[in-house]
Amino acid sequence: MYDRILIGIDFSDSSVETVRWTVSRFPTAEITLFHAIGPLSIPGYLSRTLGGGTELMREKELDARTNLEHLAEGIGIDARIEVRLGWAPESLAITAEEIGAELVVVGAHRKRVNPSDELGNTCAAIVRKTIVPVLVWRPVVNDRDKTILAALDLREGSAPVAATGARYASYFDARLLLLHAIPSTLHGYLRAVSTAPKVEETMRGLESEARRDALERIPKDLRDQVPTQVAIVRGRPIVSHILNTAESESADLIVIGKYHAPGLAARVLLGGITAAVIQNANCSVLTVPV
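On a predicted model such as this, the values are computed, not experimentally measured, just so you know.

## Quick notes on the overall build of the protein
Then, number 1: Along its length, the protein carries 11 helices and 10 strands.
Then, number 2: Here the protein holds 290 residues, and the buried ones make up 46% of them.
Then, number 3: Of all intrachain contacts in the protein linking residues separated by at least 6 positions in sequence, the fraction that spans at least 24 positions is 78%.
Then, number 4: Carbon and sulfur atoms form 51% of the exposed surface of the protein, whose accessible area is close to 15,100 Å².

## Here we look at the pairing of strand S2 (residues 30-37)
Taken residue by residue, a regular strand's side chains alternate between the two faces of the sheet.
Then, number 1: Summarising burial for S2: seven of the eight residues are buried, a large majority.
Then, number 2: In this sheet, S2 lies alongside strand S1 (residues 4-8) in parallel orientation, the contact comprising five bridges. Paired with Ile7 across the bridge in S2 is Leu33.
Then, number 3: With helix H1 (residues 13-25) bridging S1 and the parallel S2, this β-α-β connection has right-handed handedness.
Then, number 4: For S2 and strand S3 (residues 80-85), the ladder comprises six bridges, and the chain directions are parallel. Directly across from His35, in S3, lies its bridge partner Val83.

## Quick look at helix H9 (residues 238-248)
Then, number 1: Three or more residues of H9 are buried, namely His241, Ile242, Leu243, Thr245 and Ala246.
Then, number 2: Considering only its buried residues, H9 is in contact with strand S6 (147-151), strand S7 (175-181), strand S8 (228-233), strand S9 (253-258) and helix H11 (272-280).

Conventions and cut-offs
Chains are numbered independently. Their residues run from 1 in the order of the written sequence. With pLDDT at 70 or above as the cut-off, local features in this predicted model cover only qualifying residues; side-chain atom pairs require 80 or more to be listed or tallied, and sums for whole chains, interfaces and linings still use all residues. Each side-chain value is derived from all of the structure's non-hydrogen atoms; neither hydrogens nor water enter the calculation. Each helix corresponds to a stretch of at least 4 residues labelled H or I by DSSP, and each strand to a stretch of at least 2 residues labelled E; elements are numbered beginning at the N terminus. Think of it in three bands: residues with accessible area under 20% of the maximum for their type are buried, residues over 50% are exposed, and the middle band is partly exposed, with areas taken using a 1.4 Å probe on protein chains only. By the convention used here, residues are in contact when the closest approach between their heavy atoms is within 4.5 Å. Residue-level accessible areas treat just the shown protein chains as cover; the underlying method is Shrake-Rupley with a 1.4 Å probe. At least two bridges found by DSSP between two strands is the condition for calling them paired. With the strands aimed away from the viewer, a crossover counts as right-handed if its path from the first strand over the helix to the second runs clockwise.

Encoded structure:
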């Protein structure tokens, strides 16, 4: 499915398990293990003795490289090793582009000290900076049938989200659930300009159209291969619908889009909905550039 995969490692238990999972699911891919070293805060006595932090930084870099090599050896893979200096999300994005990675995989920590803390949201920052699909991996917590949830906004250009969800469902022999949430403001607007019976008739018609549009976004060669369901929902914030549906359907993976347009800041492209899903989902999240 992929030829080149870049895996971000911070040496936490979750990142090590991420490598094991990735290798087991994509055994033919060329794997690159990546670790970023941020700036060091060096006590004065060390700086005076060592003449600056250069030696400590080199030692830290060699230590990281050695640990990555041991990790690869322990898992039994011949992985490429990349250790870079700088902020992890930016360094990882640059590395992904340089090596031609088709997928970036990073492990997510379940415990967040503060959801609004930028330093605690490294995964979201990586998604913002990276122009290829990013899989934010979390361990599977259920033993039920595998489910891929593709969250669709059904805007022009969003077809890659459904297509990617279908390809993953086919690859992992899973069922595909296409979810579209009708904006909650639409119902309020219709109530303001029409009668209640007419509003409900209009909403049912819109749901039918949305269902058709969702199914049409699945590539034709996969429509008969992947067991697919469509859920058109309304009445709550879109993020709540995505997270609640993922929980109720025991989804193993949420596939969601991130909009990429040259000239705009990466923070704008990610969008509040995608960021909230990455930060609050209890399953893995795959972001797809659209």
